[in-house]
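Structural overview
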Amino acid sequence: MRDFSPPSEQMAQLKRVNSVRRELCLQMMVIPFQQLWAHRDTLTLAKIQRDFPAIFQSVGEVTEFQEVEHEGRQALSIRFVEMYGKESTAHLLYLPGAKPKVLCEHYNPPVSVRYPLITTGGWLNALTKLTARVMVHYDEDLPNDK
Amino acid sequence: MTTQSQQRTDLYLKLSLPLLDFIWEHKDRLKVDPLVEAFNELEHASLKLDRIMAQANRGRLELMLVFSVGPGRKPAGILTYYPESRQISSSIAGSIVPISGTDRIQTAWFNALVDLVALAELQVNEQVEL
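Attention shifts here to the nonpolar core. Core analysis: the largest hydrophobic core is formed by 71 residues, its most contacted members being Leu36 and Ile78 of chain A together with Leu65 of chain B. Every residue in contact with Ile78 of chain A, bar those within four places of it in the chain, is listed here: Phe33, Leu36, Val62, Glu64, Phe65, Ala90, His91, Leu92 and Leu127 of chain A.

On to the pairing of strand β4 (residues 101–106) of chain A. Both faces of the sheet carry side chains from a regular strand, because those side chains alternate between them. Residues and elements named next belong to chain A. Where strand β3 (residues 89–94) and β4 come together, five bridges link them in antiparallel fashion. Residue pairing for β4: Leu93 is matched across the bridge by Lys101. Linking two consecutive strands that pair antiparallel, namely β3 and β4, is a turn of six residues; a positive phi of about 90 degrees is found at Gly97 within it.

Taken together, the 28 residues of chain B in the interface contact 32 residues of chain A. Interface area, chain B with chain A, both sides summed: about 3000 Å², of which 63% is carbon and sulfur. Of the charged contacts, one joins Asp115 of chain B and Arg21 of chain A as a salt bridge, the two residues approaching to 2.5 Å between their closest N and O atoms. For the pair chain B and chain A, the interface holds four residue pairs in polar contact (both at pLDDT 80 or more). Among the elements of the structure, α1 (4–25) and α3 (103–129) of chain B are those that each provide at least two residues to the side of chain B that touches chain A. For the side of chain B that touches chain A, the element with the most residues is α3 of chain B, which contributes twelve residues.

Thresholds, definitions, all that
Residues numbered from 1 in each chain as written. Chains lettered and ligands numbered in written order. Predicted model: local features only at pLDDT ≥ 70, side-chain atom pairs only at ≥ 80, totals over all residues. Heavy atoms only, no water. Core = buried A, V, L, I, M, F, W, Y, C linked by side-chain atoms within 4.5 Å. Buried < 20%, exposed > 50% of the residue type's maximum accessible area, 1.4 Å probe, protein only. Contact = heavy atoms within 4.5 Å. Pairing = 2+ DSSP bridges. Helix = DSSP H or I, 4+ residues; strand = E, 2+ residues; numbered from the N terminus. Buried area = accessible area lost by both parts, 1.4 Å probe. Salt bridge = Lys/Arg side-chain N within 4 Å of Asp/Glu carboxyl O. Polar contact = N/O pair within 3.5 Å; in protein donor to acceptor, adjacent residues only side chain to side chain.

Purely geometric numbers; function is a separate question.
Below is the structure:
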């Protein structure tokens, strides 16, 4: 049987790219998380599920949204679940002023190194879409950098 | 009132700026041909990259990323970044359209940009390590 897998050097390069990509996505999650953090007092999981049900065309919905204590600090905890099959999940945690963390993630079927978009990039897209809906709901604009 | 689509566009634009800043900041150190080649080898990328150009156009500095949807296809779109004003414009198939388009187009642009910057960052870091 012919082996279509890329050579190990190429695979190693892909892993490095995915690793950098993941870091970039986590850094970029700060902006949507800042917006969501600002509404943590009024935004509840029930409200999200009622007002913003399916937040992604093909990927996911929110199954947890709450302020939690993490290592002695207040943080925002969000869990996403993939809509189809509901077997891929991610648990994201945002501590204000820090890069968000992925506390756990599970992918079924497993994510290939060659097709990593469902991983952190997918959750970033889901987070961005949720944030856009929340901001429209509260009739807010993004803060100006200047 | 802002629509959800517009708000999402604004968010993506805001997220894209540091990515485009990175490419602009390191444009003189980036080896463009290997970067384009590496990008196009990523099997998950739904867009293919044709060209990256940093230039002055009518006295205005710009970074132009030309994408296509696949080998032999017509260009799908051009993403232009103006570093002096930190503005972004995009055109698809010759017509000026907002970067939003549909969710799918918007996500494809953004994912491509993230991939490109990940590769560029690796290239820059590898030069530092040498």
